[in-house]
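Close look at the chain arrangement
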Amino acid sequence: MPAPSRSDASPLLRRLLPDAEATDRVGAALGLALAPGDAVLLSGDLGAGKSALARAAIAAILAREGRVEEIPSPSFTLVQTYESDIAEIWHADLHRLAGPAAIPELGLEDAFDEAVCLIEWPDRLGPLAPARRLEIALAFPPGDAEGREMQARATGPGWAAALAALDA
Ligand SMILES: Nc1ncnc2c1ncn2[C@@H]1O[C@H](COP(=O)(O)OP(=O)(O)OP(=O)(O)O)[C@@H](O)[C@H]1O
Ligand SMILES: [Mg+2]
C-alpha cells in the first residue's frame, strides 16, 4: 500500500504582478475558472490588492452574463453577495472579525459548500477554514520595487483550471 501523502496541496505558484492592471487580469481569469463550492482565501497586508483581485473576479463572472454592476467593498458589511448563473458569489472581508466565533452567523460554512467564495483576511476563520481551498497571498515586493508578489497554493481536488488561470 502506498504511504499516505502528507498533504494534497499543489506546488506553490509564484508570480510578480507588475501593476494594478496585472492584478485585474489575473483576477478576471481566475473568476472565469471558478465553480460552485470553490473558496478562494486572499491574504496579504492592508492595500496588498486582495479586494482588487476579488473585484476583478466577480466583475468577470458578471460580465460573462452581460452584467455590469457596482462591486462595493465588504469592509463594513463583512459580506457582499451576488447572484450569478453558476452560483451565488460571496465576497467577504473578515478583517474586523475578532475570530471564528462570529463566523457561523454569517452563514459562511454553507457558502463554502455551495457558493463561489472570495474571502479576505481568511486567518480570522481559524479552524472553520474550508479544507478544499485556493490560497492566494499578495505581498509588497522588497525595497521600492513596484507591483505585488503573488503566491498561490490549492488544497484538495479540482483546482487545475483556477491554477492555470493564475499562471497564464
Ligand atoms: N500588482 C499591483 N501593482 C501595483 N498596485 C497594485 C497592484 N494590484 C493592486 N494594486 C493597487 O493596490 C491597491 C490595493 O487595494 P485593495 O483595496 O485591493 O487592497 P486590499 O488588500 O483589499 O486591502 P484591505 O486589507 O485594506 O482590504 C489598489 O490601489 C490597487 O490599484
Ligand atoms: Mg480589501
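Look a little higher up for the structure.
On a predicted model such as this, the values are computed, not experimentally measured, just so you know.

**Overview of the site of ligand 1**
For ligand 1, the set of nearby residues contains 17 residues, the closest of which are Thr-23, Gly-47, Lys-50, Ser-51 and Ala-52. A distance of 2.9 Å separates a nitrogen atom of ligand 1 from a polar atom in the backbone of Asp-19. In this structure, a nitrogen atom belonging to ligand 1 sits 2.7 Å away from a side-chain N or O atom of Thr-23. Relative to its free-state accessible area of 650 Å², ligand 1 is covered by the protein chains to the extent of 71%. A per-element tally of the shell around ligand 1 places helix α2 (residues 50-64) first, with three residues. Across the shell around ligand 1, the residue classes tally to six nonpolar, five polar and six charged.

**Thoughts on unusual backbone geometry**
Negative phi values dominate among residues other than glycine, just as trans dominates among peptide bonds. The phi dihedral of Leu-78 falls on the positive side, at around 70 degrees, and the residue is not glycine. Secondary-structure assignment places Leu-78 in the loop between α2 and β3 (79-82).

**A word on a negative patch on the surface**
Taken together, the side chains of Glu-83, Glu-88, Glu-109, Asp-110, Asp-113 and Glu-114 make up a negatively charged region of the molecular surface. With respect to the element layout, Glu-88 can be found in the loop between β3 and β4 (89-93).

**Some remarks on the coordination of the magnesium ion (ligand 2)**
Here the magnesium ion (ligand 2) is held by the protein donor atoms Ser-51 (OG) and Glu-120 (OE), which lie 2.0 to 2.1 Å from it. A residue pair is termed long-range when its members are at least 10 positions apart, and Ser-51 in helix α2 and Glu-120 in strand β5 (residues 116-120) qualify at 69 residues. Accessibility classification places Ser-51 together with Glu-120 in one group, the buried group.

**Quick notes on helix α5 (residues 160-167)**
Considered for burial, the residues of α5 that qualify are Ala-162, Leu-163, Ala-165 and Leu-166. One side of α5 carries all its buried residues, which in axial view fall inside an arc of 155 degrees. For α5, the exposed residues lying more than 90 degrees away from the buried face are Ala-160 and Asp-167. Against the buried residues of α5 lie β1 (13-17), α1 (20-33), β6 (133-139) and β7 (148-155).

**Examining the packing of aromatic side chains**
Summed over all chains, the structure comprises zero aromatic pairs. In this structure, Arg-132 packs its charged tip against the face of Trp-159, placed 4.2 Å from the ring centre.

**Overview of the packing of α1 against α2**
Where α1 contacts α2, the two axes come as close as 7 Å, and the packing angle between them is 50 degrees. Classified by the interaxial angle, the pair formed by α1 and α2 is oblique. Classified by chirality, the crossing of α2 by α1 is right-handed. Only Ala-52, Leu-53, Ala-56, Ala-57, Ala-60, Ile-61 and Arg-64 of α2 make contact with α1, whose side of the interface consists of Thr-23, Asp-24, Val-26, Gly-27, Ala-28, Leu-30, Gly-31 and Leu-32.

**Section: the pattern of salt bridges**
Throughout the structure, instances matching the rule amount to five salt bridges. For the salt bridge of Glu-65 with Arg-67, the shortest nitrogen-to-oxygen distance reads 2.7 Å. Exposure remark for Arg-67: the relative accessible area of 23% places this residue in the partly exposed category. Salt-bridge contacts for Glu-69 lead to Arg-67; the nearest nitrogen and oxygen are separated by 2.8 Å. Residue classification places Glu-69 among the partly exposed positions, given a relative accessible area of 36%. Overlapping salt bridges, with partners in common, bring together Glu-65, Arg-67 and Glu-69 in one network.

Reading guide: rules and limits
Residues numbered from 1 in each chain as written. Chains lettered and ligands numbered in written order. Predicted model: local features only at pLDDT ≥ 70, side-chain atom pairs only at ≥ 80, totals over all residues. Heavy atoms only, no water. Near = heavy atom within 4 Å. Polar contact = N/O pair within 3.5 Å; in protein donor to acceptor, adjacent residues only side chain to side chain. Areas by Shrake-Rupley, 256 points an atom, 1.4 Å probe, with all protein chains shown as cover. Helix = DSSP H or I, 4+ residues; strand = E, 2+ residues; numbered from the N terminus. Nonpolar A, V, L, I, M, F, W, Y, C, P; charged D, E, K, R; others polar. Patch = residues over 30% accessible without salt bridge, like charges linked within 9 Å, V, L, I, M, F, W, Y side chains within 5 Å. Salt bridge = Lys/Arg side-chain N within 4 Å of Asp/Glu carboxyl O. Lys, Arg positive; Asp, Glu negative; His and termini not counted. Charge placed at Lys NZ, Arg CZ, Asp CG, Glu CD. Donors = N, O, S within 2.8 Å, 3.2 Å for Na, K, Ca; no water. Buried < 20%, exposed > 50% of the residue type's maximum accessible area, 1.4 Å probe, protein only. Arc of directions from axis to C-beta. Contact = heavy atoms within 4.5 Å. Phe/Tyr/Trp six-rings, centres within 6.5 Å; stacked < 30°, edge-to-face > 60°. Lys NZ or Arg CZ within 6 Å of the ring centre and 35° of its normal. Axes fitted to C-alpha atoms, helices over the stretch in contact; angles between N-to-C directions. Parallel < 35°, antiparallel > 145°, perpendicular 65-115°, else oblique. Left-handed = near helix turned anticlockwise from the far one by under 90°.

Take it as geometry only, folks, not as evidence of what the structure does.
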